[in-house]
Structures are given as structure tokens and as C-alpha cells.
Amino acid sequence: MKDVSQGRIAVRRFVRHRMAMAGLLTLVALLVCCFGANWIAAYPRNAQDLLLGPTSPSATHWLGTDDLGRDYLSEILYAGRLSLAIGLCVAVLSTAIGTLLGAVAGFARGWTDEVIMRLTDLLLIVPGIAVLALALQGLGSSPFTIILVLTGLGWTMVARVVRSQVLSLREKEFVDAARVLGASNPRIIVRHLLPNLVGVVVVNMSLTVAAAVILESTLSFLGFGIQPPQSSWGNMLSQAAGLIGTSKAYLLYAPGVAILLTVLAVNFVGDGLRDAFDVQRRP
């Protein structure tokens, strides 16, 4: 009953957070439009009209068309499907790995803690963009590879946060009671510690989505990420990078605004979740 009441309080707090609700609605709209692009987009993916060429936004093409005569709004939706999929996959995988390693490090202490934390420190001090660019140049730029590489660097912050929480929780009375009852260390971590980390984990996972979308876009913009014929918001920005001040500048603004909306929406949701799970706040 206590868990149910705490869950209801968290939901009520989140609903009261206006910016979080606005962010959630925006994020849901983006997910529905991008992953439902096959049914929502006015034109098929990569549908070219070379005779039409680039045209400014109009009633027929709301965001105009690119150099190949493709409807730009449709291309934005199809590209967003890949950008958001990468962000979500990286967030889930890096949060799962970071939570597991952070919990083990904080609970086990000793040499296990030292090995995991020194590895975390090493990955945190190296220049991430340079490592990602080199790794992708050597391994290829497929979406699967990008997800693996981003996950390989993205779990570190989650691990540090979870470890600090576990260091505090392991001294609580309910952990001592579980030990007295004969619970093994893995059981204590899974059944008693991780349920108390839900708030921290969910907040960090939401913020990791934004970080992953930005990193993927940055890599694609620099030419190390998604490569044609596949498209993401990042490589759409890269392809339109030299159009500022020209009549085709609209090709640059649309993917930039899509990335901005996604990052703002996810951050607002993260703020709402943080406030919702804050036990020191009033119901």
C-alpha cells in the first residue's frame, strides 16, 4: 500500500508540473509523428521530383522541398525516426549498464568498487567526441554501431549517481534485516536496493535521451555519424550547413528546430520526474 501511495503522489506531482506535462505532450507528439511516418507523412520516404527541385515552404509542401525535390517535412519525420530510436536505445542500454555497475560498485566496495570507478573516471576524462569519431571511423557508421559506441561512453554518469545512492542505502536498517534473514548479495541488490533507485534511474534515463540525440546529431553533422542514403536530423543539418543566408536556408532550420524541441521536451520531462520523486517535497 505504501508503494502504491508513493506512486500516486509522484504521478500527482508530475501532472502538476506544467512544463513537464508540456514536454511530455511534445515528446509523445514527436514519437507518434516520427514512428508513424509511414501513415502520417504526405509523401513516401526519399520520393524525388527532380523537375521540381528546391522550393520554399508552401501550402503543398509545408517545409518546402530539397535539391532532389523531396518533401522536406516528410523527410524530417523519417529522419526523426532514426534519431529518436538511437536516443531511446542508448538511454535504455546505458542506464541499464550504469545502474547495474553502479549498484555493484556501491554495495561490494573494495577492489570491485575501485576497478569500476577507475574505469568510469577514465572514460569521463577522455574527450568523448574524439573517441566516438575514431571508433565510428574504424567500426563503421551503422545505427547499430553508433548505439553501441554511445552506450559504451554513456553509462558512466549513471553509474556514479547510482553508486552514491547505494553507498547510502546499504547502511539502512532494511539491508541489515535482509542480511540477517539470509538474503544473498545479488538478492539484496535486486529486491531491496534497486526498487529504491527508481526515481534516480528514471530521471537519468530521461536526460540520457537528450544527450544521445545531441551526440548523434553532432557526430552526423561532423560526418562521422549516419551516412546517406540513411538520414537523421544530424546529417540533414550537415547537408544544409552551407545554406545560411541563401534562399534555401529553410533546409537548415527545420532539423535544428526538431532537435531543439526534442532536447527541451526531454529536459522538461526530466525536471518533472526529479521533482515528482523528491521525497523532501510536500505531496
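None of the values given here were measured: they were computed from a predicted structure.

Visitor: Can you walk me through the nonpolar core in this structure?
Guide: Within soluble globular proteins, side chains that are nonpolar tend to cluster in buried spots. Judged by nonpolar contacts, the single largest core of 29 residues is most densely connected at Tyr72, Ile76, Trp233, Met236, Leu251 and Ile259. Mapped onto this core, the elements with two or more residues apiece are α2 (18-35), α4 (72-108), α10 (198-222), α11 (233-239) and α12 (250-276). Ranked by residues supplied to this core, first place goes to α12 with 9 residues. Here Met236 is in contact with Tyr72, Glu75, Ile76, Ala79 and Pro255, once residues within four sequence places are set aside. Core analysis: the second largest hydrophobic core is formed by 14 residues, Leu169, Ile189, Leu193 and Val201 among them.

Visitor: Would you mind going over the side chain of Thr151 with me for this structure?
Guide: Secondary-structure assignment places Thr151 in helix α7 (residues 143-169). What makes Thr151 buried here is its relative accessible area of 5%. Contact partners of Thr151, with chain neighbours within four places excluded, come to Val90, Leu93, Ser94 and Ile97.

Visitor: I tried to follow the side chain of Thr145 on my own but got confused; where do I start?
Guide: Among the secondary structure elements, Thr145 is positioned in helix α7. Its relative accessible area of 12% is what places Thr145 among the buried residues. A distance of 2.9 Å separates a polar atom in the side chain of Thr145 from a polar atom in the side chain of Ser142. Beyond its immediate stretch of four places on either side in the chain, Thr145 contacts Leu136, Leu139 and Gly140.

Visitor: I'm lost on helix α9 (residues 185-193) in this one. Help?
Guide: Regarding α9, the residues found buried are Ile188, Ile189 and Leu193. In an axial view of α9, the angular spread of the buried residues amounts to 95°, which keeps them on one side of the axis. Across from the buried face of α9, at angles greater than 90 degrees, the exposed residues are Pro186, Val190 and Arg191. Of the surrounding elements, those touching the buried residues of α9 are α4, α7 and α8 (173-180).

Visitor: I'm lost on the packing of α7 against α10 in this one. Help?
Guide: Geometrically, a packed helix pair is captured by the angle between its two axes and the distance between the axes. Between α7 and α10, whose axes approach to 10 Å, the crossing angle comes to 150°. Viewed along their axes, α7 and α10 adopt a mutual orientation that is roughly antiparallel. As α7 runs across α10, the sense of the crossing is right-handed. Along its contact with α7, which presents Ile146, Leu150, Val158, Val161, Val162 and Gln165, the element α10 presents Val200, Val201, Asn204, Thr208, Ala212, Leu215, Glu216 and Leu219.

Visitor: What exactly am I supposed to notice about unusual backbone geometry here?
Guide: The general pattern is negative phi for most residues beyond glycine and trans for most peptide bonds. The backbone phi angle of Asn46 is positive, close to 60°, even though this residue is not glycine. With respect to the helices and strands, Asn46 occurs in the loop between α3 (37-40) and α4.

Visitor: Could you clarify how one ought to interpret the state of the cysteines in this entry?
Guide: Disulfide: a covalent bond connecting the sulfur atoms of a pair of cysteines. Using the criterion set out here, one finds 0 disulfides in the structure. The thiol of Cys33 is unpaired, and the distance to the nearest cysteine sulfur, on Cys34, comes to 6.7 Å. Residue Cys33 is classed as partly exposed on the basis of its relative accessible area, which comes to 30%. Cys89 takes part in no disulfide bond, and the closest cysteine sulfur, belonging to Cys34, lies 14 Å away.

Visitor: Explain the environment of Ala159 here, please?
Guide: Looking at the secondary structure, you find Ala159 in helix α7. Separated by 86 residues in the primary sequence, Ala159 and Gly245 have C-alpha atoms spaced 44 Å apart. Excluding residues within four positions of it along the chain, Ala159 makes contact with Gly98 and Gly102.

Visitor: Is there a simple way to explain the pattern of salt bridges in this structure?
Guide: Counted according to the given criterion, the structure contains 7 salt bridges. One salt bridge in this structure joins Lys248 and Asp67, with 2.9 Å as the shortest N-O distance. Of the two residues, Lys248 sits in the loop between α11 and α12 while Asp67 sits in the loop between α3 and α4, which places them 181 residues apart along the sequence. Under the relative-accessibility criterion, Lys248 is labelled partly exposed at 23%. Since its relative accessible area comes to 44%, Asp67 is described here as partly exposed.

Visitor: Looking at this structure, I do not really get the packing of α8 against α9. What am I missing?
Guide: Running from N to C, α8 and α9 point in directions that differ by 140°, and their axes come no closer than 11 Å. As summarised for this structure, α8 and α9 are arranged oblique, according to the angle between their axes. Handedness of the α8/α9 crossing: right-handed. Of the residues in α9, those touching α8 at Phe174, Val175, Ala178 and Arg179 are Ile188, His192 and Leu193.

The rules behind the values
- Counting restarts for each chain: residues are numbered from 1 in the order of the written sequence.
- pLDDT decides what is reported in this predicted model: residues at 70 or higher carry local features, side-chain atom pairs at 80 or more are listed and counted, and totals for whole chains, interfaces and linings draw on all residues regardless.
- Hydrogens are left out, water is left out, and the side-chain values use all remaining heavy atoms of the structure.
- For the purposes of this section, nonpolar cores are sets of buried Ala, Val, Leu, Ile, Met, Phe, Trp, Tyr and Cys residues that join through side-chain atoms within 4.5 Å.
- For every residue, the accessible area obtained with a 1.4 Å probe (protein chains only) is divided by the maximum for its type, and the residue is called buried under 20%, exposed over 50%, and partly exposed between those limits.
- Secondary structure elements follow DSSP: runs of H or I no shorter than four residues count as helices, runs of E no shorter than two count as strands, and numbering proceeds from the N terminus.
- When checking whether two residues touch, look at their non-hydrogen atoms; a contact exists if any pair is within 4.5 Å.
- Pairs of N or O atoms within 3.5 Å make up the polar contacts considered here, provided that, within protein, one atom can donate a hydrogen while the other can accept it, and that residues adjacent in sequence are counted only when both atoms are side-chain atoms.
- Relevant arc is that of directions from the helix axis to the C-beta atoms, nothing else.
- Here the axes come from fitting lines to C-alpha atoms, over the contacting stretch only for helices, and the angles between their N-to-C directions go from 0 to 180 degrees.
- In this scheme, roughly parallel covers angles under 35 degrees and roughly antiparallel covers those over 145, while 65 to 115 is roughly perpendicular and the rest are oblique.
- Definitions for this section: a left-handed crossing has its near helix turned counterclockwise from the far helix by less than a right angle. A right-handed crossing has that turn clockwise.
- Whenever a pair of cysteine sulfur atoms sits within 2.5 Å, that pair is classed as a disulfide.
- Each salt bridge in this description consists of a side-chain nitrogen of Lys or Arg and a carboxyl oxygen of Asp or Glu lying within 4 Å of one another.

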